[in-house]
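# Results of the structural survey
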Amino acid sequence: MLTQVFWAFATVLIGVGGCVGYFYASNLLLDRLFPASASNDAHAIRNLKIQSSVRPWLFLGPALVLLCVYLVYPVIETLILSFQDKTGSRFVGFDNYAWAAKDTQFRTSIFNNFLWLLVVPAACTFLGLVIAVLTDRIWWGSIARSLIFLPLAISFVGASVIWKFVYDFRGEGQEQIGILNAVVEWFGFSPQVWIALPFWNNFFLMMILIWIQTGFATVILGAALRGVPEDTIEAAVIDGAGPFKIFWRIMVPQIMTTIVVVWTTITVLVLKVFDIVLTMTNGQWDTQVLANLMFDWMFRGGGDFGRGAAIAIVIMLAVLPIMIWNIRQANAERGGGH
Amino acid sequence: MWQRIRLEPSRFFLHLAVLLIVAAWTLPTAGLLVSSLRDKDLIATSGWWTALTTTERSEQARMKPPADQVQKDGHSEISGNLFEGTDHAGQISAFGTRVQNPAEFSAGATAQLQDGRSLTVNSDGSYVYTSPTAFTGDRGQRVFFVTSVPPKFTTDNYRTVLFSEGIGRSFINSLTVTIPATIIPILIAAFAAYALAWMKLPARGFIIAVIVGLLVVPLQMSLIPLLKIYNATGFLSKTYLGIWLAHTGFGLPFAIYLLRSYIAGLPKDLIESAQVDGANDFKIFMRIILPLSFPALASFAIFQFLWVWNDLLVAIVFLGSGNDQLVLTGRLNALLGSRGGNWEILTASAFVTIIVPLVVFFSLQRYFVRGLLAGSVKGG
C-alpha cells in the first residue's frame, strides 16, 4: 500500500515533469533551430515567421493527440462497430439496429429514457428557478442555497446508497427504518417496496438525479436572475404588476438563454445516466435505461460490441441536436473576436 | 428593487417554504450520517430519526433449568442473569411471566406468583426465582421483559469498513487515480487554451467548434473502441496509467473550453507589451498567463477532481476489480450487492466515499461556482 502511494506520487512528478519538459524542450528546440537573432535581417524575419507558425502546434499538440485518441477516433469507430457483429470481425449492416428495435429491454429503455428526459430537466429547472427566487429574498438564503447545492458533490453511487436507505422497506407491522415508509405509515397508509413498483419506480430513481442537479440549476439561474436589469422590474412595479406577473413576464423571458443552457446540460446528463440505475435496480423491475443497457451488452456473456455500439449510437443521436446548437451558439458568441 | 416588493404570500410562508425545501434536501444525507454512527442493532430495529430517544423493546428469555436450583433457608432458588449468553444489553424496565402482559411488574419488584413462588428481576437483568417446593421439569421458566435501549453512538462501523471491508484500501486507490488525473489535464489544456486564445492559427475556428462539439459526446461512445485499443496494447489495459490517460482525454474538452474563455478575456495590452519587450509565447505563457489564470485553473481542478473521484463507469471499465485497483465508488457498488441489508456497513462506507468531495466542495465552493457559471455547457 505504501509502495502504491509512493508510485502514485512518483507518477504525478513524472507526468507533470514530462508535460513541462515537453513544452519547455520543444520550445527551446524551436528557438535554437530558427533563431530570431540571425545574422541578417531577412533571415531573422523568416525565422520569426517559422517560429510563429510552428509554435501554436507545439502548444496544441498533446491536447489534439489526446482528443483524437480518446474522443474523435472512438466516435467514428463506434459508428463502424455498430454495423459489425459481436467481435467486430464481420459486417452485418443494420442487423444490430434491427435487433434493438425488436428487443423488449431496448424498448423499455427507450421508453424510460424518454420519461427521464421529460421529467428530470423540467423538474430541476423549475425547482431551481423557484428556489433561486425564494432564497434571494431571505437573510439565510445563501446557507439554504449551499445546502441544496451540496448533493452536487456526492457521487451517483453515494447518492444511491443514501436514497436506498430512504426507500428502505420493512414488512407491515415491523418498525420502518426507511424515512419514506415511516412517513407513509404515519399518514396511515401501508408501506411499499418503492423501487420495485413497476412504472412508478422510475420516478423514485429520477428523484435521486433531481436531488443532485437542482443545486446546479439554482446556482446558474440565481446568477442569471441577479443579472436582470433592475429598471425593467421597477418599470413593471410602477405599472402595477404583481410579483408573479413580474416573475413570469419580466424575469423569465430575460433569462431564457440561461434556462435553455441549464435544461440542455441536464438533458445531456440524463442521457448518460448509468450509475443510479446500476446501483439501485440494475435495470430490474422495468427501470432499464440506454446507458445501463449498453454497459450490460459490453460485458454480458463475453460482450457483444456490435449491439453495445448500436445502443451508444442511439444515445449519441439524441445528443446530436444539442451538440449542433452548442456549436452554433459558441460560433455566434465568438463572432469576430479573437 | 425586487427585494423591496411587498411580499405575498407573507414572509412567514416564505421562510417556511425554504425551510421545508432545505429539510427535504438535507434529511437523506443526515440520515446517512446519523446511521453510520449508530449501533448496528439499533440501525436495523429503529429509524435513524429516533437515534436520540430511548427505544423500548419487548424481549423474552428463559431462566436456568430446575437442575441448577439450590436450597437456601428452606426453599429452592434459581438465580442468574437474563442477558446471559446474549450480546444484548440494556435496562430492563418491566417484566412478566405471561406473553400477554410482558410489563406486568416493574423492574426490581418482587412478583408473587402462584404456588407461593416469587420472582424478582432487576434492571440489569439479574433475577432470583424462589419456591417453597423444589422446581421440577427440565426446561427453565420463560420470562418476558421490556428493555429500554438508551441512545448509543459508536465509531465501530467506521473501524469495520476501513479495515476489514476494504474501504481504507479503496480510499488510497481513489487518491491514486484522482490526483494525477486532475493535474495532468490542467497543464495540457492550459497550453492548448492559450494557443487557441492568442496565437495565430489557421484552423482555429474549426478546432474550437470541434472542442465545443466534443463537450457533450457521451462517454459511452468511447468505451468500446478504447477497450479494444487497451486490450490490444496490453500496457494500458487495467493499469493506472490507462485510467489517468482516459480521464485526461475525457476531461480535456471541458478544460480547454473553460480555460480558453478565461484566457481570451485577459487584457490584450498585457500580452502585447510583453511581445514588444521581446518575450516569445512560451515566456508569455509561463510568466504572465499561467499566474493570472489561477482562478480558472482552480475551477477546473475542482471539477475534474470531483468528476474523477465520483466516477464509476470509467473505473469499472478501465480498472480491474482486485483489491489493489478497486476505487471507492466501485467498492461501494460491490458492497451494495454483497452487503445489501447491512446498513451499518453501507452507511459508513458511503460516508467515507462522500466526505472528500464534501470537504473539497465546502472549502472551495467559490471556485466551483465560478467554474459552473463559466462552463455550464458540459453535462458533468
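Keep in mind the model is a prediction, meaning the values are calculated, not measured.

## Section: the overall build of chain B
Of regular secondary structure, chain B possesses 14 helices and 9 strands. Taken over C-alpha atoms, the radius of gyration comes to 33 Å for chain B, far larger than the 21 Å a tight globule of 380 residues would show. In terms of overall dimensions, chain B has a C-alpha envelope of 115 × 70 × 35 Å along the principal axes. Scored against the burial criterion, the 380 residues of chain B give a buried share of 43%.

## Thoughts on the overall build of chain A
In terms of regular secondary structure, chain A is built from 14 helices and 0 strands. What you see in chain A, going N to C, is helices and strands ordered as α-α-α-α-α-α-α-α-α-α-α-α-α-α. Against the globule reference of 20 Å for 338 residues, chain A gives a C-alpha radius of gyration of 27 Å, more extended than a compact globule. Its C-alpha atoms put chain A at 95 × 70 × 50 Å along the principal axes. Split into buried and exposed, the 338 residues of chain A put 41% on the buried side. Once local pairs closer than 6 in sequence are excluded, the contacts in chain A between residues at least 24 apart make up 66%.

## Section: the sheet that holds strand β4 (residues 91-96) of chain B
Residues and elements named next belong to chain B. In spatial order, the strands read β1-β9-β4-β5; together these 4 strands make up an open sheet with antiparallel pairing. If you trace the sheet from one side to the other, it starts and ends with β1 (55-62) and β5 (105-106), each paired once. Where β1 meets strand β9 (residues 142-149), 8 bridges bridge the pair, whose relative direction is antiparallel. Directly across from Thr55, in β9, lies its bridge partner Val149.

## Concerning the sheet that holds strand β6 (residues 110-112) of chain B
Residue and element names in this part refer to chain B. Pairing is antiparallel across the open sheet formed by 5 strands, whose spatial order is β2-β3-β8-β7-β6. Where the open sheet ends on each side, the last strands, each with one partner, are β2 (70-72) and β6. Pairs of neighbouring strands in the sheet enclose a mean axial angle of 25 degrees, with direction left out of account.

## Quick word on the nonpolar core
Side chains of nonpolar character tend, in soluble globular proteins, to be buried together. Residues Ala189(B), Ala192(B), Tyr194(B), Ile256(B) and Leu259(B) are the most contacted members of the largest nonpolar core, which totals 177 residues. Sorting elements by how many residues they give to this core places helix α4 (residues 167-198) of chain B first, with 17 residues. Ile256(B) has contacts with Ala63(A), Ala189(B), Ala192(B), Ala193(B), Leu196(B) and Ile211(B), leaving out every residue within four places of it along the chain. Of all hydrophobic cores here, the second largest spans 16 residues; its members include Leu82(B), Tyr129(B), Val143(B) and Phe145(B).

## Let's talk about the packing of helix α4 (residues 104-135) of chain A against helix α11 (residues 256-272) of chain A
Residue and element names in this part refer to chain A. The geometry of α4 relative to α11 is characterised by a closest axis approach of 9 Å and an angle of 140 degrees between their N-to-C directions. As for how α4 packs across α11, the hand of that crossing is right-handed. In contact with Asn113, Trp116, Leu117, Val120, Pro121, Cys124, Thr125 and Gly128 of α4, α11 contributes Ile259, Val262, Trp263, Ile266, Thr267, Val270 and Leu271. Per-class residue counts for the contact of α4 with α11 are 11 nonpolar, 4 polar and no charged.

## Observations concerning the interface of chain A and chain B
Counting residues at the interface gives 92 residues for chain A and 98 residues for chain B. Residue contributions to the side of chain A that touches chain B peak at 18 residues, all from helix α2 (residues 41-81) of chain A.

## Looking at the packing of helix α8 (residues 200-226) of chain A against helix α14 (residues 365-374) of chain B
Orientation of α8(A) relative to α14(B), taken along the N-to-C sense of each, is 75 degrees, at an axis distance of 10 Å. Judged by the inter-axis angle, α8(A) sits roughly perpendicular to α14(B). From α8(A), Phe216(A), Val219(A), Ile220(A) and Ala223(A) reach across to α14(B), where they touch Val369(B), Leu372(B) and Leu373(B).

## Focus: the pairing of strand β3 (residues 75-81) of chain B
All names here are of chain B. As paired elements, β2 and β3 share 3 bridges and run antiparallel to each other. Bridging from a neighbouring strand, Lys72 pairs with His75 of β3. The hairpin turn running from β2 into β3, its antiparallel successor, is 2 residues long, and Asp73 in that turn takes a positive phi close to 45 degrees. Pairing analysis gives 6 bridges linking β3 to strand β8 (residues 126-131), with the strands arranged antiparallel. Note that in β8 the partner of Ser76 across the bridge is Ser131.

## Remarks on the environment of Lys86(A)
All names here are of chain A. Tracing the backbone shows Lys86 in the loop between α2 and α3 (95-102). On a C-alpha basis, the gap between Lys86 and Phe305 in space is 4.9 Å, while along the polypeptide they are 219 residues apart. Beyond its immediate chain neighbours, meaning those up to four positions away, Lys86 contacts Asp304, Phe305 and Gly306.

## Some remarks on the domain arrangement of chain A
Along its sequence, chain A is organised into domain 1 (2-81) and domain 2 (95-334). A separation of 40 Å is found between the C-alpha centroids of domain 1 of chain A and domain 2 of chain A.

## Re unusual backbone geometry
All names here are of chain A. With phi around 70 degrees, Phe199 is a residue other than glycine that occupies positive phi space. By the secondary structure assignment, Phe199 is in the loop between α7 (179-186) and α8. The exposed category is assigned to Phe199, around which 12 C-beta atoms lie within 10 Å. Of note, the phi angle at Asn282 is positive, near 50 degrees, even though the residue is not glycine. With respect to the helices and strands, the residue Asn282 is situated in the loop between α12 (275-280) and α13 (290-299).

## Considerations on the pairing of strand β7 (residues 118-121) of chain B
Residue and element names in this part refer to chain B. What you see with β7 is a clean split: Leu119 and Val121 sit on the buried side and Ser118 and Thr120 on the side with no burial. Inspection of the sheet shows β6 paired to β7 by 3 bridges, in the antiparallel sense. Paired with Gln112 across the bridge in β7 is Ser118. Remark: 5 residues form the turn of the hairpin made by β6 and β7, two consecutive strands paired antiparallel; Asp115 in that turn has positive phi of roughly 60 degrees. The hairpin formed by β7 and β8 contains 4 residues between the paired strands, and Gly125 there has a positive phi angle of roughly 100 degrees.

## A short note on the environment of Leu221(A)
Residue and element names in this part refer to chain A. Mapped onto the fold, Leu221 is located in helix α8. Taking the number of C-beta atoms within 10 Å as the measure of exposure, Leu221 has 26 and is therefore buried. Linking Leu221 and Phe9, residues 212 residues apart in sequence, is a C-alpha distance of 40 Å. Aside from chain neighbours lying at most four places away, what touches Leu221 is Gly128, Leu129, Ala132, Ile255, Thr258, Ile259 and Val262.

About the criteria used
Residues numbered from 1 in each chain as written. Chains lettered and ligands numbered in written order. Predicted model: local features only at pLDDT ≥ 70, side-chain atom pairs only at ≥ 80, totals over all residues. Helix = DSSP H or I, 4+ residues; strand = E, 2+ residues; numbered from the N terminus. Rg over C-alpha atoms; globule rule 2.2 N^0.38 Å. Buried ≥ 20, exposed ≤ 12 C-beta atoms within 10 Å, placed from the backbone. Contact = placed C-beta atoms within 7 Å. Pairing = 2+ DSSP bridges. Axes fitted to C-alpha atoms, helices over the stretch in contact; angles between N-to-C directions. Core = buried A, V, L, I, M, F, W, Y, C linked by C-beta atoms within 7 Å. Left-handed = near helix turned anticlockwise from the far one by under 90°. Nonpolar A, V, L, I, M, F, W, Y, C, P; charged D, E, K, R; others polar. Parallel < 35°, antiparallel > 145°, perpendicular 65-115°, else oblique. Domains from an automatic or database assignment.

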